[in-house]
Every structure is written in structure tokens, then in C-alpha cells.
Amino acid sequence: MKEKKQKIQCEKIFDSIIIGAGPAGITAGIYLARRNLCVLIIYETLGGQTALTADIENYMGFRFISGEDFTKKLDDHLEEYDVTLAEEKVENLKKNKKLFTIETSKNIYKGKTVIIASGARHKKLGVPGEEKFLTKGVAYCATCDAPLFRNKEVAIIGGGNSALESAIQLESYAKKIFILTINKDLEGEDILIEKVRSFKNIEIIPNAITKEIKGEKFVTGIVYEKNKKINEIPLQGVFIEIGYEPNSGIFDVKKNNQKEIVIDNKNQTSEKGIFAAGDVTEVPVKQIIVAAGEGAKAAISAADYLSRFH
Amino acid sequence: MPFKIKDVEGGNKMKIKIYSTPACPYCKMVKKYLKEKELEFDDIDISKNQEAAHEMVEKSGQMSVPVIDIDGKIIIGFDREKLEKLIKK
């Protein structure tokens, strides 16, 4: 155990409970610990989606860093501070007078403020075959599973940055990659689009609506509609990269129609004392650097709230 | 950490294989978990070992890592509860 920067005296009630340990949650934790506040971070995956990201090239100060190394850096930075960590699943959040109670699969915690930084998860396509063939050819993590598709033909559903990054992961393994996007062209960073277009084993199919994933024991093909015509491609893998949905389900605060938590410009939610930051919120840009910045804002707002708390 | 493997009867006689890929975060979580339990395991990187990749798909019916083989019993993904159950048996 490394020497902590400071030792915070914690009572049974935390000043702030942060839900999630991605860039938003960890940043919020460090900002609050630097104010000598008593902080608990409850999380399921350290690093959050960052841990699942292959390459990061747009976080200032790092020309290039892998998601894994970046997560390690976040962890090391957090380790410097006296923050309590709990690797547990949050099941419920309730307010009782001025205090919040959080129930996890293992414990019950009490806090004066809560910062929801629970991030987002892969959006499902919602077509027949998707659930049935999950881990049998249907995948959501190219970083993990690309090597299993060596010399195979695969489809990536989606046309944004995540889809492009998956294509980059798969390029050296797959024999052929089809990118099916419902839009008329690829969207995302030009630098990624150019890279993907330069691959010889890529075929981009625009205006394609995926209808079904077919298979027996494993995936055997994909059915899509284009210009009102139904087409089928025989292939062995389908990577679904159509964006993310917020992990906001259990929180009883105001959300927009995409289930993202509504916050004001100080990251305050509709419930006093509950703040939110990062991809779980309606903040329009889902990026690591934005999530980190939002985490800092939420922490400072929570600290301001705590300074008036009695 | 609720238990260490040396406290479980016959615990350290188990044969554990983990099929993984280098960048897969869930694989790392499994390995970290097994290390915490002081369990020895064979880590098979299927990105480098094509034969092992086939073996894994055959054995598990899965095209996704991690796959954990504990004395012939298969666990898919980082499933802490299932791991704990199989280890304690």
C-alpha cells in the first residue's frame, strides 16, 4: 500500500458516494478527496468503458495510450488518495430526510451527497438472433474477441467512431469486414474514417437496415434491407456498435427521452444532493476528456452543497 | 477477500485454464480474481495460439473470451459467483 497524500477521518456517513469508477467517477473522487472529504466509490468495472477501449489518442497529454494503460493510470492516481472503494453492484438509491441510502448486492451505505457516474452500456440492435447468438458470433467487444475471427467474414453494425474502432481492431484478423450503417455514409472522426477506408478487406454498405442475424450453432449470416430490397450475406461474426445507452435505470431523477439524466450546468440533478456526471447524463459529447471534466464539475458542486449542509 | 484457496479443502489441486486475449478487460478481471485467491492457472492467449482458439470454441461452444475451464467445467465471462461456487466445491 502506497503512502496516501492525506488520511481522512471517515465517520459512518460518507460526505459523498460516487457511483461508477470511469473517468467521471474517478475524477470526482480525487477532487473531493483533495478537499478532505470522506468519499466512497462504488463500481462494477474500474475504468468503465475506458477499460474496454483499445486506443486513446484524443486525451490531452497522451499522444497515444491504450485503454488498459489509461485505466491503470486512473487507478494509480486514485490510489494516492484516501478514497474508500467498493466493487459492488448498486441496487437502489433512496433519500431519507437529508441523507441518501444506497443498497448494493452486499452492503448498505449512507451519504450526504451522491454523484451518479455510472456511464453507459452498448445499445442493443433488437433484431431476431441478436440475443440467441450472443457470444456465438454476436459480439460487442472487438477489443476482446477480434482474435477469434481470424480468417472469418464479419459484419460491423454501425457507422460512428465505435464502429470504426472495431473495424481497426478486426482488420488484421478478419478475412473480410462489412460495415453496415443505416446512414448514407460513415460518421465519426475523419482520421478514423480515412484509416478504415484504406483497408483492403473492408466493404461499406450504407443505407442498410439490419433485419436479422441468422445461425445454427454459431452465426451463419446477416439479413439487411437496402432500397426496400432484402439482402443476405453469409458470414461468421456480427459486431454491434450502434452507440450506447445510459446506466440510469435505477435512479429516480429526471431523465430525457433517451433515459439520460438531466443536469444543470453545475451537474445538479432534479433531486437536491444528487449530482451526475459523464455518459449517464445528457451531456452531448460522450468522450473521456468530457467525462473527466464533468466529474470535476460535479465534485466541486457537491463540495459547495456540503459546505452548506447541516 | 472472503476466502483464500489454501483454506478450501483440495482447492489447490484444481486444474484451471483461462482462454484469453491480451486486451480483454474481463480476462484480466478473472486473472486478478484467481491470483487474489492464490490459485494457479494456465493462461492461454488465443490471439497467438490458433489451436487453442479452436479448442476453446469446441469445448465451450463460445466465440467470446474469457472462457475458464476448472477441472473440465466451463465458465463463460467474468462471473464472480459461478467462479466462487466452482472453486469452493
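Just so it is clear, the model here is predicted, and its values are computed rather than measured. The residue numbers shown here count from 1 along each chain, following its written sequence. Chain letters start at A and ligand numbers start at 1, both assigned in the order the entries are written. Only residues with pLDDT of at least 70 get local features here, since the model is predicted, and only at 80 or more are side-chain atom pairs given and counted; chain-wide, interface and lining totals rely on the full set of residues. Hydrogens are left out, water is left out, and the side-chain values use all remaining heavy atoms of the structure.

A.B. asks: When you look at the overall build of chain B in this model, what are you seeing that I'm missing?
C.D. replies: Scanning chain B for helices and strands turns up three helices and four strands. Working definition: helices are DSSP H or I runs of at least four residues, strands are E runs of at least two. Numbering for both runs from the N terminus. Counting helices and strands in the order they occur from the N terminus, chain B gives β-α-β-α-β-β-α. Buried, partly exposed and exposed residues are distinguished by accessible area as a fraction of the type maximum, computed with a 1.4 Å probe on protein chains only: under 20%, between the cut-offs, and over 50%, respectively. Every one of the 89 residues in chain B was classed for burial, and the buried ones make up 51%. Across chain B, the fraction of contacts at a sequence separation of at least 24, relative to all contacts at a separation of at least 6, is 62%. Surface accessibility in these figures is a Shrake-Rupley result with a 1.4 Å probe; residues are shielded only by whichever protein chains are displayed. Looking at chain B as shown, the accessible area adds up to about 4,900 Å², and 48% of this sits on carbon and sulfur atoms. The contact definition used throughout considers only heavy atoms, calling two residues in contact when any of these lie within 4.5 Å.

A.B. asks: Explain the packing of helix 1 (residues 23-33) of chain A against helix 2 (residues 67-79) of chain A here, please?
C.D. replies: Packed helices, taken two at a time, are described by their axes: the angle between them and the distance between them. Residues and elements named next belong to chain A. With axes taken as lines fitted to C-alpha atoms, and helix axes fitted only over the stretch in contact, angles between N-to-C directions fall between 0 and 180 degrees. At their nearest, the axes of helix 1 and helix 2 sit 10 Å apart, and the two run at 20° to each other. With respect to their mutual orientation, helix 1 and helix 2 come out roughly parallel. Helix-helix and strand crossings are classified by hand; for helix 1 and helix 2 the assignment is left-handed. Touching Pro-23, Ile-26 and Ile-30 of helix 1 are Leu-74, His-77 and Leu-78, all from helix 2. Note on residue categories: nonpolar means Ala, Val, Leu, Ile, Met, Phe, Trp, Tyr, Cys or Pro, charged means Asp, Glu, Lys or Arg, and polar means any other residue, Gly included. Residue composition of the contact of helix 1 with helix 2, grouped by class: five nonpolar, one polar and no charged. Relative orientations are named as follows: roughly parallel for angles under 35 degrees, roughly antiparallel for angles over 145 degrees, roughly perpendicular for angles from 65 to 115 degrees, and oblique for any other angle. Should the near helix be turned counterclockwise from the far one by less than a right angle, the crossing is left-handed, whereas a clockwise turn marks it as right-handed.

A.B. asks: Where do I start with the pattern of salt bridges in this structure?
C.D. replies: Opposite charge on two side chains lets them pair, provided their charged atoms get close. Take a side-chain nitrogen of Lys or Arg and a carboxyl oxygen of Asp or Glu: if they are within 4 Å of each other, that pair is a salt bridge. One pass over the full model with this rule turns up 19 salt bridges over all chains. Residue Glu-271 of chain A pairs with Lys-95 of chain A through a salt bridge whose shortest N-O separation is 3.3 Å. Of this pair, Glu-271 of chain A sits in the loop between strand 18 (244-246) and strand 19 (274-276) while Lys-95 of chain A sits in strand 6 (residues 90-96), placing them 176 residues apart in sequence. Given the relative accessible area of 37%, Lys-95 of chain A is considered partly exposed. Note that Lys-31 of chain B is salt-bridged to Asp-43 of chain B, the shortest N-O span being 2.9 Å. Of this pair, Lys-31 of chain B sits in helix 1 (residues 25-36) while Asp-43 of chain B sits in strand 2 (residues 42-45), placing them 12 residues apart in sequence. In this structure Lys-31 of chain B comes out as buried when scored by relative accessible area, which is 14%. In this structure Asp-43 of chain B comes out as partly exposed when scored by relative accessible area, which is 40%. Each of Lys-17, Glu-55, Lys-59 and Asp-69 of chain B takes part in a single network of salt bridges with overlapping partners.

A.B. asks: For this particular structure, what's the right way to read the nonpolar core?
C.D. replies: Burial of nonpolar side chains together is a common tendency in soluble globular proteins. Core analysis: the biggest nonpolar cluster contains 56 residues, and Leu-32 and Ile-116 of chain A have the highest contact counts within it. Setting aside anything within four residues of it in sequence, one finds Ile-116 of chain A in contact with Ile-19, Leu-93, Phe-251, Ile-261, Ile-274, Phe-275, Ala-276, Ala-277 and Val-280 of chain A. Within the second largest apolar cluster, 37 residues are counted, among which are Ile-168 and Phe-218 of chain A together with Cys-24 and Ile-44 of chain B. Residues belong to a common nonpolar core when they are buried Ala, Val, Leu, Ile, Met, Phe, Trp, Tyr or Cys residues joined through side-chain atoms within 4.5 Å.

A.B. asks: Even after reading the chapter, I still don't get the state of the cysteines, so can you show me in this structure?
C.D. replies: In plain terms, two cysteine sulfur atoms within 2.5 Å form what is called a disulfide here. Evaluation of the coordinates by the stated rule reveals two disulfides over all chains. Two residues, Cys-141 of chain A and Cys-144 of chain A, share a disulfide whose sulfurs are 2.3 Å apart. Taking the sign of the S-S torsion, 70° for the link of Cys-141 of chain A and Cys-144 of chain A, the bridge is right-handed. The exposure class assigned to Cys-141 of chain A is buried, which follows from its relative accessible area of 14%. Each sulfur in the disulfide pair Cys-24 of chain B and Cys-27 of chain B lies 2.2 Å from the other.

A.B. asks: In this structure, what is going on with the environment of Pro-246 of chain A? I would like to understand it.
C.D. replies: Relative to the assigned elements, Pro-246 of chain A resides in strand 18. Not counting chain neighbours up to four residues away, the residues in contact with Pro-246 of chain A comprise Gly-119, Ala-120, Arg-121, Gln-258, Lys-259, Glu-260, Asp-279 and Val-280 of chain A.

A.B. asks: Explain the pairing of strand 17 (residues 237-240) of chain A to me, please; I cannot follow it from the model alone.
C.D. replies: Two faces make up the sheet, and in a regular strand the side chains alternate between them. Residues and elements named next belong to chain A. Judged by which residues are buried, strand 17 turns out to be covered on both faces: Gly-237 and Phe-239 on one side and Val-238 and Ile-240 on the other are all buried. As defined by bridge partners, strand 10 (residues 138-139) adjoins strand 17 across two bridges and the pair is classed as parallel. Within strand 17, the residue paired with Ala-139 across the bridge is Phe-239. When DSSP finds two or more bridges between a pair of strands, those strands are recorded as paired. Pairing of strand 11 (residues 153-157) with strand 17 involves four bridges; the strand directions are parallel.

A.B. asks: What exactly am I supposed to notice about helix 1 of chain A here?
C.D. replies: One turn of the α-helix equals 3.6 residues, which is why residues spaced by three or four share an orientation. Residue and element names in this part refer to chain A. Along helix 1, 10 of the 11 residues are buried, which leaves the element largely enclosed by surrounding structure. Restricting attention to buried positions, one finds in helix 1 the residues Pro-23, Ala-24, Gly-25, Ile-26, Thr-27, Ala-28, Gly-29, Ile-30, Leu-32 and Ala-33. Taken together, the buried residues of helix 1 touch strand 1 (13-19), strand 2 (39-43), helix 2, strand 8 (108-116) and helix 6 (288-307).

A.B. asks: Teacher, can you tell me more about the side chain of Glu-260 of chain A here?
C.D. replies: Residues and elements named next belong to chain A. Relative to the assigned elements, Glu-260 resides in the loop between strand 18 and strand 19. The class for Glu-260 is buried, based on a relative accessible area of 12%. Discounting residues that sit within four places of it in the chain, Glu-260 has contacts with Pro-246, Lys-254, Lys-255, Val-280, Thr-281, Glu-282 and Lys-286.

A.B. asks: Teacher, can you tell me more about the sheet that holds strand 17 of chain A here?
C.D. replies: Residues and elements named next belong to chain A. Overall, parallel pairing links the five strands, which are arranged 10-17-11-12-13 in an open sheet. Two strands in the sheet have a free side with no partner beyond their single neighbour: strand 10 and strand 13 (202-205). Sheet strands in contact with helix 4 (residues 161-170) are strand 11, strand 12 (176-180), strand 13 and strand 17, and its direction is about 165° off that of strand 11.

A.B. asks: How should a negative patch on the surface be read in this particular structure?
C.D. replies: There is a patch of like negative charges on the surface, built from Asp-55, Glu-57, Glu-165, Glu-189, Asp-190 and Glu-194 of chain A. Counting through the fold element by element, Glu-57 of chain A comes out in the loop between strand 3 (55-56) and strand 4 (65-66). The patches described consist of residues with a relative accessible area above 30% and no salt bridge, like charges being joined within 9 Å and nonpolar side chains (Val, Leu, Ile, Met, Phe, Trp, Tyr) within 5 Å. As used throughout, the charge tally considers Lys and Arg to be positive and Asp and Glu to be negative, leaving His and the chain termini uncounted. To locate a charge, take atom NZ for lysine, CZ for arginine, CG for aspartate or CD for glutamate.

A.B. asks: What should I look at first to understand the packing of aromatic side chains in this one?
C.D. replies: Aromatic rings in a pair are described by how distant their centres are and how their planes are angled relative to each other. Residue and element names in this part refer to chain A. Pairs were defined over the aromatic rings of Phe, Tyr and Trp, the Trp ring being its six-membered one, requiring ring centres within 6.5 Å. Orientation was assigned from the angle between planes: stacked under 30 degrees, edge-to-face over 60, tilted for the rest. Taken as a whole and judged by the stated rule, the model has eight aromatic pairs over all chains. Between Tyr-59 and Phe-62 the ring centres are 6.1 Å apart and the planes differ by 50°, which places this aromatic pair in the tilted class. Three or more aromatic residues link up through ring pairs in this structure, and these residues are Tyr-59, Phe-62 and Phe-70. A cation sits over an aromatic face here: Lys-98 above Phe-309, 4.9 Å from the ring centre. By the criterion adopted, a ring carries a charge over it if an Arg CZ or a Lys NZ lies within 6 Å of its centre and within 35 degrees of its normal.

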